[in-house]
Amino acid sequence: AQSVTQLDSHVSVSEGTPVLLRCNYSSSYSPSLFWYVQHPNKGLQLLLKYTSAATLVKGINGFEAEFKKSETSFHLTKPSAHMSDAAEYFCVVTPSGGYNKLIFGAGTRLAVHP
Amino acid sequence: DGGITQSPKYLFRKEGQNVTLSCEQNLNHDAMYWYRQDPGQGLRLIYYSQIVNDFQKGDIAEGYSVSREKKESFPLTVTSAQKNPTAFYLCASSRWDSDNTQYFGPGTRLTVL
């Protein structure tokens, strides 16, 4: 069985400081892992994805995530937060290939303060 | 400009009415999906379709129906049997191969009056 746990429901940072959003997963298969961002009343936008290539994945808007199999983690980071980063972030896992059900984390709401 | 469009952005429905939400994609994706999102929660799968004229129930299909007559289109009907339809509805599409990344539309917010 697969599952995703986002360890923080809310994260608050100051503009210009680093961002860390934590995600742990469990999967019986070689997983694909994703981070999506959702701004209020908007759809989900793909930030980045891991599909068994490089373990450090670079995404859009300066975000990156590192796949650590030994720790079953896929934490999302950004060196310097911008006000526009304030949104809900979802960590998602699925087995690779074809249709496989997306397993969503509960989400982490990121607040960025001036 | 490739992408997924959903219409309308906001929809109001009286109790007992059926309403249909539109989803169109020009990404040439084989698979399409409908999700429901409630406040403070993740997404739950309603229906998905791998190919034209075929679709499968997801986790919360009761009170919903879909059709897939064209590759580009996957409309969702919220019927009067859906007891609590007020929610944010998201459509997605993907390829059906080793790269199954799902891409999402902007969503439709449905409110029952």
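What counts, and at which threshold
Residues numbered from 1 in each chain as written. Chains lettered and ligands numbered in written order. Predicted model: local features only at pLDDT ≥ 70, side-chain atom pairs only at ≥ 80, totals over all residues. Heavy atoms only, no water. Phe/Tyr/Trp six-rings, centres within 6.5 Å; stacked < 30°, edge-to-face > 60°. Helix = DSSP H or I, 4+ residues; strand = E, 2+ residues; numbered from the N terminus. Buried < 20%, exposed > 50% of the residue type's maximum accessible area, 1.4 Å probe, protein only. Lys NZ or Arg CZ within 6 Å of the ring centre and 35° of its normal. Pairing = 2+ DSSP bridges. Axes fitted to C-alpha atoms, helices over the stretch in contact; angles between N-to-C directions. Disulfide = S-S within 2.5 Å. Contact = heavy atoms within 4.5 Å. Buried area = accessible area lost by both parts, 1.4 Å probe. Salt bridge = Lys/Arg side-chain N within 4 Å of Asp/Glu carboxyl O. Polar contact = N/O pair within 3.5 Å; in protein donor to acceptor, adjacent residues only side chain to side chain. Nonpolar A, V, L, I, M, F, W, Y, C, P; charged D, E, K, R; others polar. Patch = residues over 30% accessible without salt bridge, like charges linked within 9 Å, V, L, I, M, F, W, Y side chains within 5 Å. Areas by Shrake-Rupley, 256 points an atom, 1.4 Å probe, with all protein chains shown as cover.

S.K.: Got a minute to help me understand the packing of aromatic side chains in this structure?
M.R.: Aromatic ring pairs are defined here through the distance separating the ring centres and the angle between the ring planes. The tally for this structure, following the rule as stated, stands at 13 aromatic pairs over all chains. When the ring of Phe-63 of chain A is compared with that of Tyr-89 of chain A, the centres are 5.6 Å apart and the planes differ by 45 degrees; the resulting orientation is tilted. Within this pair, whereas Phe-63 of chain A is found in the loop between strand E7 (56–58) and strand E8 (64–68), its partner Tyr-89 of chain A is found in strand E10 (residues 87–95), the two being separated by 26 residues in sequence. Accessibility assignment for this pair places Phe-63 of chain A and Tyr-89 of chain A in one class, buried. Among the aromatic residues, those joined into a cluster by ring pairs are Phe-34, Tyr-36, Phe-90 and Phe-104 of chain A together with Tyr-33, Tyr-35, Tyr-48 and Phe-104 of chain B. The positively charged end of Arg-68 of chain B is found above the aromatic ring belonging to Phe-74 of chain B, 6.0 Å away from the centroid.

S.K.: Would you take a moment to explain the sheet that holds strand E3 (residues 19–25) of chain B for this structure?
M.R.: Remark on secondary structure: sheet strands pair via backbone hydrogen bonds, oriented parallel or antiparallel. All names here are of chain B. On the basis of which strands lie adjacent, the open sheet formed by four strands has the order E1-E3-E8-E7 and antiparallel pairing. Of all strands in the sheet, those bounded by a partner on one side alone are strand E1 (4–7) and strand E7 (64–66). Neighbour-to-neighbour, the strand axes of this sheet turn through a mean angle of 20 degrees, independent of strand direction. Both E7 and strand E8 (residues 76–78) contribute to a ladder of three bridges, which runs antiparallel.

S.K.: Explain the state of the cysteines here, please?
M.R.: One covalent bond between the sulfur atoms of two cysteine residues makes up a disulfide. All names here are of chain A. Scanning the model with the defined rule gives two disulfides over all chains in all. Each sulfur in the disulfide pair Cys-23 and Cys-91 lies 2.0 Å from the other. With the S-S dihedral at roughly -70 degrees, the linkage between Cys-23 and Cys-91 falls on the left-handed side. Taken together, the positions of Cys-23 in strand E4 (residues 23–26) and Cys-91 in strand E10 put the pair 68 residues apart, joining distant regions of the chain. For Cys-23, a relative accessible area of 0% puts it in the buried group.

S.K.: What should I look at first to understand the interface of chain B and chain A in this one?
M.R.: Note on interface size: it is often stated as the accessible area lost on association of the parts. The interface is formed by 25 residues belonging to chain B together with 23 residues belonging to chain A. With both sides pooled, the region where chain B packs onto chain A buries about 1800 Å², and carbon together with sulfur makes up 52% of that total. When the buried surface of chain B facing chain A is broken down by residue, Asn-100, Thr-101 and Phe-104 of chain B rank first, second and third, together holding 26% of it. Run the count over chain B and chain A and you get zero salt bridges. Between chain B and chain A we count five residue pairs in polar contact (both at pLDDT 80 or more) in total. Among the secondary structure elements, those contributing two or more residues to the side of chain B that touches chain A are strand E4 (31–37), strand E5 (43–49), strand E9 (87–94) and strand E10 (103–104) of chain B. Residue classes in the side of chain B that touches chain A are distributed as 11 nonpolar, nine polar and five charged.

S.K.: What is the right way to read a nonpolar patch on the surface from this model?
M.R.: Residue and element names in this part refer to chain B. A cluster of nonpolar side chains, namely Tyr-10, Phe-12 and Leu-113, defines an oily patch on the protein surface of about 370 Å² accessible area. Examined against the element boundaries, Tyr-10 turns out to sit in strand E2 (residues 10–13). Under the relative-accessibility criterion, Tyr-10 is labelled partly exposed at 44%.

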